[in-house]
Amino acid sequence: MKKLSARRRHPLAALVVLLFALAATGGLYAAFAPAEKAQADSAQSLATEEGKRLYSVGCASCHGTSGQGTHNGPSLVGVGAAAVDFQVGTGRMPAQQPGAQVPRKKAIYNQAQIDQLAAYIASLGPGPAIPSKQQYSPDGADIANGGQLFRTNCAQCHNSTGKGGALSEGKFAPTLEGVDPKHIYEAMLTGPQNMPNFPDSTMPAKDKKDIIAYLAQVDSSKAESPGGLELGGLGPVSEGLFAWVFGLGALITVAIWVAARTAKARKS
Amino acid sequence: MSNEDMSEANLPSEREHAHHGAVEPVGDPFADPGLPPHEPRRQDIDERTARRSERTVALLFTLSMVATVGFIASYVIFPIGKIVYIFPFGHVSALNFALGLTLGVALFAIGAGAVHWARTLMSDEEVPDERHAIEATPEVREKVFADFRQGVKESQFGRRRLIRTTMMGALSLVPLSGIVLLRDLGPLPEKKLRTTAWRAGMRLINQNTNEPLRPEDIGVGSLTFAKPEGLSEDDENFQNVIAKAALMIVRLNPQDIKDKRELEWSHQGIVAYSKICTHVGCPISLYEQQTHHVLCPCHQSTFDLSDGGRVIFGPAGHALPQLRISVNAQGYLEALGDFEEPVGPSFWERG
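Note that the structure is predicted; figures quoted are calculated from it, not measured.

Cut-offs and rules
- Residue numbers here run from 1 along each chain, matching the order of that chain's written sequence.
- Chains carry letters and ligands carry numbers; both start at the beginning, A for chains and 1 for ligands, and go up in the order they are written.
- In keeping with the predicted nature of the model, local features appear solely for residues at pLDDT of at least 70, side-chain atom pairs appear and are counted solely at 80 or more, and the whole-chain, interface and lining totals rest on all residues.
- Derived side-chain values reflect all non-hydrogen atoms in the structure, with water molecules and hydrogen atoms excluded from consideration.
- UniProt positions are given in the numbering used here, feature names are shortened, and annotations may be inferred rather than shown by experiment.
- Per the convention used, a helix needs a DSSP run of H or I reaching at least four residues, while a strand needs a run of E reaching at least two, with both numbered from the N terminus.
- In the sections that follow, a salt bridge refers to a side-chain nitrogen of Lys or Arg positioned within 4 Å of a carboxyl oxygen of Asp or Glu.
- When accessible area is computed with a 1.4 Å probe and restricted to protein chains, residues below 20% of their type maximum are described as buried, those above 50% as exposed, and intermediate ones as partly exposed.
- What counts as a domain boundary in this text is fixed by an automatic or database domain assignment.
- Residues count as neighbours in contact if any of their non-hydrogen atoms are within 4.5 Å of one another.
- Buried area counts how much accessible surface, traced with a 1.4 Å probe, disappears from two parts once they are put together, with both parts' losses summed.
- Each polar contact in these results corresponds to two N or O atoms within 3.5 Å; when the atoms are within protein, one needs to be able to donate a hydrogen and the other to accept it, and residues that are neighboring in sequence are counted only if both atoms are side-chain atoms.
- When residues are sorted by character, Ala, Val, Leu, Ile, Met, Phe, Trp, Tyr, Cys and Pro go into the nonpolar class, Asp, Glu, Lys and Arg into the charged class, and all the rest, Gly among them, into the polar class.

1. Considerations on the UniProt feature "transmembrane region" (unreviewed entry) in chain B
Residues and elements named next belong to chain B.
- The UniProt entry lists residues 57–77, 97–118 and 162–182 under the feature "transmembrane region" (unreviewed entry), expressed in the numbering used here.
- Summarising residues 97–118: 100% helix, 0% strand, and an end-to-end C-alpha distance of 32 Å.
- With 95% helix and 0% strand, residues 162–182 has its two end C-alpha atoms placed 32 Å apart.

2. Observations regarding the pattern of salt bridges
- Enumeration according to the criterion identifies 18 salt bridges over all chains in this entry.
- Ionic pairing is found between Lys 206 of chain A and Asp 210 of chain A, a salt bridge with its closest N-O pair at 2.8 Å. You can see Lys 206 of chain A and its partner Asp 210 of chain A sitting in helix H11 (residues 205–218), four residues apart, about one turn around the helix.
- Residue classification places Lys 206 of chain A among the partly exposed positions, given a relative accessible area of 44%.
- Residue Asp 44 of chain B pairs with Arg 41 of chain B through a salt bridge whose shortest N-O separation is 3.3 Å.

3. What about the domain arrangement of chain A?
Residue and element names in this part refer to chain A.
- Assigned domains within chain A: domain 1 (38–122) and domain 2 (133–222).
- At the interface, 14 residues of domain 1 touch 16 residues of domain 2.
- The contact between domain 1 and domain 2 buries some 1,200 Å² in all, and 51% of this surface belongs to carbon and sulfur atoms.
- Applying the counting criterion to the domain 1 and domain 2 interface returns one salt bridge.
- For the salt bridge of Lys 182 with Asp 85, the shortest nitrogen-to-oxygen distance reads 3.1 Å.
- Between domain 1 and domain 2 we count five residue pairs in polar contact (both at pLDDT 80 or more) in total.
- At six residues, the largest contribution of residues to the side of domain 1 that touches domain 2 is made by helix H5 (residues 80–89).
- The class makeup of the residues in the side of domain 1 that touches domain 2 is six nonpolar, five polar and three charged.

4. Observations regarding the UniProt feature "domain: Rieske" (unreviewed entry) in chain B
- Taking the numbering used here, the UniProt-annotated feature "domain: Rieske" (unreviewed entry) corresponds to residues 239–334 of chain B.
- Counting secondary structure, residues 239–334 of chain B comes out at 14% helix and 31% strand; the distance between its end C-alpha atoms is 22 Å.

What follows is the structure in structure tokens.
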């Protein structure tokens, strides 16, 4: 102890104290710092990193090297992870060719890659996040309210039972049959292509859930159709066409068949 | 009458040879060729075949009876809500399907039976029934005309001019009473077509949540439907009021708005347009958020919401009416008055 106190005025004493203090602080931090958070952060940044790599290969030619957009594709800053999950998850992006509207097709990326892309795009600017299963699952929703909301907000383009319909100049509202509830939710949230969006501020999350439940009720393979033979459920045009072409055609065919066969004993 | 009555000399080929193309007709070229010889059917010759036809017709009629009984039975048996899976129709109502099937069979079997009966058993001998002019004999005609002339003379119709004139007047006025009754077809619309429920200071209510809208609720690219404050879907006249007052609210970037008046009437790029097409009044809200076009599903009229609701395609005759909006002291969107022009389709007195 005497030795230590004798050298307390040594020119290097301050340095030694400083080193001890730094080591103690670092050691304490290592002991108490939330290790999991650090790991999650690095996983997140890894996903963003991977997403950026996928983006550079698959998306950057149209949307710009850092998502700023070019004349071939819009800016992706602030569109959010939900938009990426919808566009890439339904196969619309990457687009096959320019045109009036990019159609749904088989998804090119798997869900893990889509999540990485979404993480990268979400890092460019704040936007809607991918909804949780609890948000879009139709369990426990009010189907009748969903029907009313669907008719007010969606039916004008997507048809009253979600069969889809035509828009101007080659654009169309696609059918909603067989669409993943998650993607329906994301479409309402983000408004892909020419579809307007329906943010939570004007259409609360509960309403979106009700709409998804209504669609599951009327527009799925299990949907009940009391009349049967819906002919696509597209309304009077397809029904009239069917009645005039096939209904009347069948009557004419039967009439011709009856009259063409002679009842005479000797066939001429 | 049979084929033997016809001379082959009348055929063009024969005449060619006989007269070297001379046009002189031989006999009457329009002579009635008569009916072809009657051919019997198997049922006419063979009694066993005829019996089989009889049984077939009876079977069809019996099938119809069974189907009708089945119709009544299915009406009684199946509850209204019962859904069954039937390929290829899918999940259909058991009641509807059974009723349609049995009634269809019942009607078809009657028709098929009648056709089969007529074709195989009823007489199929061709019988000509010649037409004759329909005219009364000269004596009868003469008598009728004489009676009419005598009647005119005895009634003094030609002599007493006053009676004739007043009778004509009476007969021509009587139908007027029928025309006057058409007044009861309904009261005139008066000012109803020119005004809607919107008034200055009325807040815009979100149709989804029934809450008043704030400007910050409405993002660029979103679509919202609004109704006037104080109007409830349970109101007796809700449909009549909303049919004129329905609004669609969208937000554009203010620099995208090409029309000066539209920009003035908007609030920070939020514009409120009538949802009723100016062609025949269909509800239009097929809004494309990238082009700002609104399409009417009835006749494809297209309006440009970034250019004062101008018609850019289709039969609509007027731009879509815009509602002037602003924000009140509490920060809610409110109307600054009614629409400046009548909403919906044109009408005679619109001007």
